[in-house]
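Coordinate inspection notes
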Amino acid sequence: MKVAARLFAAFGRHGLVLVRGVGYFPSVLLRAGGRRDFAAQLYAAGIRTLPVVTVVSLFTGMILALQVGLELQRFSQEEYLGAAVMLTLVRDMAAFSCGLCLAACVGSAIAAEIGTMKVNDEIDALRVMEIPAMRFLAAPRMLALVVMAPLLAFYCCISGTVGGGIVGATQLNVDFGQYMASALSIVKVKDLYVGLAKALVFGLAIGTVSVTEGLDTEFGATGVGKSTQRAVIVSFLAILVTGYMITRMCYS
Amino acid sequence: MSGAAIEFRNVTKRFDGKTVLDSLSFSVAAGEMFAIIGASGTGKSVTLKHIAGLVEPDSGEIAVSGGKVGYLFQSGALLAWKTVRENVALPLEETTSLSGDEIDRRVDAALAAVGLSGAADLYPAEISGGMQKRAGLARSIVREPETILYDEPTSGLDPVTAASINSLIGEIGRSRRVTSVIVTHDLPGAMRLADRIMLLDKGKAVFCGPPGEFAASDLPQVRRFFAVMDGGEA
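Analysis parameters
- Residues numbered from 1 in each chain as written.
- Chains lettered and ligands numbered in written order.
- Predicted model: local features only at pLDDT ≥ 70, side-chain atom pairs only at ≥ 80, totals over all residues.
- Helix = DSSP H or I, 4+ residues; strand = E, 2+ residues; numbered from the N terminus.
- Contact = placed C-beta atoms within 7 Å.
- Rg over C-alpha atoms; globule rule 2.2 N^0.38 Å.
- Buried ≥ 20, exposed ≤ 12 C-beta atoms within 10 Å, placed from the backbone.
- Axes fitted to C-alpha atoms, helices over the stretch in contact; angles between N-to-C directions.
- Parallel < 35°, antiparallel > 145°, perpendicular 65-115°, else oblique.
- Left-handed = near helix turned anticlockwise from the far one by under 90°.
- Nonpolar A, V, L, I, M, F, W, Y, C, P; charged D, E, K, R; others polar.
- Core = buried A, V, L, I, M, F, W, Y, C linked by C-beta atoms within 7 Å.
- pLDDT = per-residue confidence, 0-100.
- Pairing = 2+ DSSP bridges.
- Arc of directions from axis to C-beta.

Attention now goes to the overall build of chain A. When helices and strands are tallied, chain A shows 10 helices and zero strands. Sequence-ordered secondary structure for chain A, helices as α and strands as β, is α-α-α-α-α-α-α-α-α-α. Oriented by its inertia axes, the alpha-carbon framework of chain A measures out at about 70 × 45 × 35 Å. Within chain A, counting contacts between residues at least 6 apart in sequence, those at least 24 apart form 87% of the total.

As a further point, take the overall build of chain B. Per the secondary structure count, chain B includes eight helices and nine strands. Relative to the 2.2 N^0.38 estimate, which gives 17 Å for 234 residues, the radius of gyration of chain B is 18 Å and therefore close to what a compact globule would have. Along the first, second and third principal axes, the C-alpha set of chain B runs to 55 × 40 × 35 Å. When the 234 residues of chain B are sorted by exposure, 43% land in the buried category. Considering only contacts in chain B between residues 6 or more positions apart, those separated by 24 or more positions represent 67%.

Residue and element names in this part refer to chain A. Interhelical geometry of helix α5 (residues 81–119) versus helix α8 (residues 176–186) gives an angle of 50° and a closest axis separation of 7 Å. Judged on the interaxial angle alone, α8 and α5 are oblique. Between α5 and α8 lies a crossing of right-handed hand. From α5, Leu81, Gly82, Ala83, Val85, Met86 and Leu87 reach across to α8, where they touch Tyr179, Met180, Ala181, Ser182, Ala183, Ser185 and Ile186. Considering only residue class, the contact of α5 with α8 consists of 10 nonpolar, three polar and no charged.

Here we take up the nonpolar core. Within the largest apolar cluster, 136 residues are counted, with the highest numbers of intra-cluster contacts made by A:Cys98, A:Leu145, A:Ala149, B:Ala138 and B:Val181. In terms of residues, this core owes the most to one element, α5(A), which gives 21 residues.

Put simply, chain B has an average pLDDT of 88, and 96% of its residues get 70 or more. Scoring the predicted complex yields pTM 0.87 and, for the interface, ipTM 0.87.

A few words on unusual backbone geometry. Residues and elements named next belong to chain A. Positioned with a positive phi, Ser76 is a non-glycine residue whose angle comes to about 55°. Residue position: Ser76 is located in the loop between α4 (50–74) and α5. A count of 7 C-beta atoms within 10 Å places Ser76 in the exposed class.

This paragraph deals with the environment of A:Val56. Residues and elements named next belong to chain A. Its place among the elements puts Val56 in helix α4. Taking the C-beta count within 10 Å as the criterion, Val56 has 20 such neighbours and is therefore assigned buried. With 104 residues separating them along the chain, Val56 and Gly160 place their C-alpha atoms 8.4 Å apart. Discounting chain neighbours no more than four positions away, the residues touching Val56 are Ser97 and Cys101.

A few words now on the sheet that holds strand β7 (residues 179–183) of chain B. All names here are of chain B. Taken in spatial order, the six strands of this open sheet run β5-β6-β7-β3-β8-β9, and their pairing is mixed. With partners counted over all chains shown, the strands left at the sheet margins are β5 (69–72) and β9 (204–209), one partner each. Pairs of neighbouring strands in the sheet enclose a mean axial angle of 15°, with direction left out of account.

Residues and elements named next belong to chain B. One way to put it is that helix α2 (residues 84–95) packs onto helix α4 (residues 129–141) with a least axis distance of 8 Å and a crossing angle of 25°. Judged on the interaxial angle alone, α4 and α2 are roughly parallel. The handedness of the crossing between α2 and α4 comes out as right-handed. Two secondary-structure elements touch here, α2 through Val84, Asn87, Val88, Leu90 and Pro91 and α4 through Ala135, Ala138 and Arg139. Per-class residue counts for the contact of α2 with α4 are six nonpolar, one polar and one charged.

Residue and element names in this part refer to chain B. The antiparallel open sheet is built from three strands, whose spatial order is β2-β1-β4. The sheet terminates laterally at β2 (18–29) and β4 (59–64), the two strands that pair on one side only. Adjacent strand axes in the sheet meet at a mean angle of 15° when their direction is disregarded. Examined bridge by bridge, strand β1 (residues 4–15) and β4 share five bridges and lie antiparallel to one another. Of the residues in β4, the one forming a bridge with Ile6 is Val64. The strands touched by helix α1 (residues 44–52) are β1, β2 and β4; relative to β2, the strand with the most contacts, the crossing angle is about 60°.

All right, on to the interface of chain B and chain A then. Contact residues are listed per partner, giving 13 residues for chain B and 12 residues for chain A. Elements that contribute at least two residues to the side of chain B that touches chain A include exactly β5 and α2 of chain B. The element that contributes the greatest number of residues to the side of chain B that touches chain A is α2(B), accounting for five residues. Residues of the side of chain B that touches chain A, tallied by class, amount to nine nonpolar, two polar and two charged.

On to the environment of A:Gly225, then. Residue and element names in this part refer to chain A. Here Gly225 is to be found in helix α10 (residues 220–251). Given 15 C-beta atoms within 10 Å, Gly225 falls into the partly exposed group. When the C-alpha positions of Gly225 and Ser27 are compared, they lie 31 Å apart, and in sequence the two are 198 residues distant.

What follows deals with α8(A). All names here are of chain A. Regarding α8, the residues found buried are Tyr179, Ser182 and Ala183. Angular distribution of buried residues about the axis of α8 spans 100°; they occupy a single face of the element. Structural note: α8 exposes Gly177, Leu184 and Ser185 on the side pointing more than 90 degrees away from its buried face. Where α8 is buried, its residues meet α5 and α7 (133–171).

So, in structure tokens, the structure goes:
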């Protein structure tokens, strides 16, 4: 019963941050200070995570191509390698790998930053100055993740497909041109929309979870560590659960 | 309210079953310098947080008259990624529609008032603890508050810097006619600075009066404070 009550309270806190944060999205774009902070967060969420996202997506595509390609080779169906890799990436894996990278790199940093501010009285200082922390801190970070996650997911599709193509060409004797033709022939616009929508939802979930965990931080440096850890774990769970639910809604 | 800037009536606050403020009542007059002293954990900072509206009492009433409240946090509570100037400008940029020139003018004046004009473009990590407190004070006064709350403004500072912060608090309080509530462990500083001193013990006010009466008081809690200050045992 106690666990259920705590779970319910946690849902409530996250829901409140989600609603308030999204409510301040217009204000982020309308205020000069908000636009400045938003640009800085776009850079942190997008440009600074690009190397990690590139490596992860490249290898995701390579592993996919190797696993699927070896099976296809047994049935002499290598020409479908591009289609298999592309479809998996566009529908699911690009959004997932990008979401997990953002949760680990950006979500953890947001939780640690806001958590440190909380234990250093900086959040209280904002309240005394009548500056809403949700507007000043949460909304620019959440909006940056909402914008960047689909863009990075799209980028993951491209770099993952290229990674798969490299494995196909070097290890499975699949011509790169044939691989790309197969990849582009299978994908429907709906697949792309669903994949990008998933990434957008993941971005919002990571932002909400990280801000909530940061604001809930207590008890000094230990508390900051725990909040950061919780932000990553809960973000991962949110990504897996919402990802499954969206797939279920759109493909069954 | 009886003309007081701040009034507590039977305020009680508990955290995890522990009573931190126990039916606390006191009032602070407008423009008064009011010091709150007491051992650690007696509810001094919690009292300040109640005044600022950061904490709600479990029971009792709190009335704070008039407009804005400034708060100098123990740590300074400056935003690490903004320079001193940006920190001081923050409340004006975020909560007013003042022009950039007017904000610059007010920020320059606030920085000059605390003697930090030369450090305006440095980040909090690049300045000393005393300078961080000065910057926090500049950020408090830039909004032109009617009440400023100080949470241990001299803790962790060397005696010379502590004295300069105390004289700055006195100067700001008197020249701007703001109501000042100072939570401190610095008894000599409080004796020099305050119009009245309140001694908190286990969440209750055991003494509240002018420094002269405080020094002459026979209350055991008061004598213990002086004994410790004189190097004796508590």
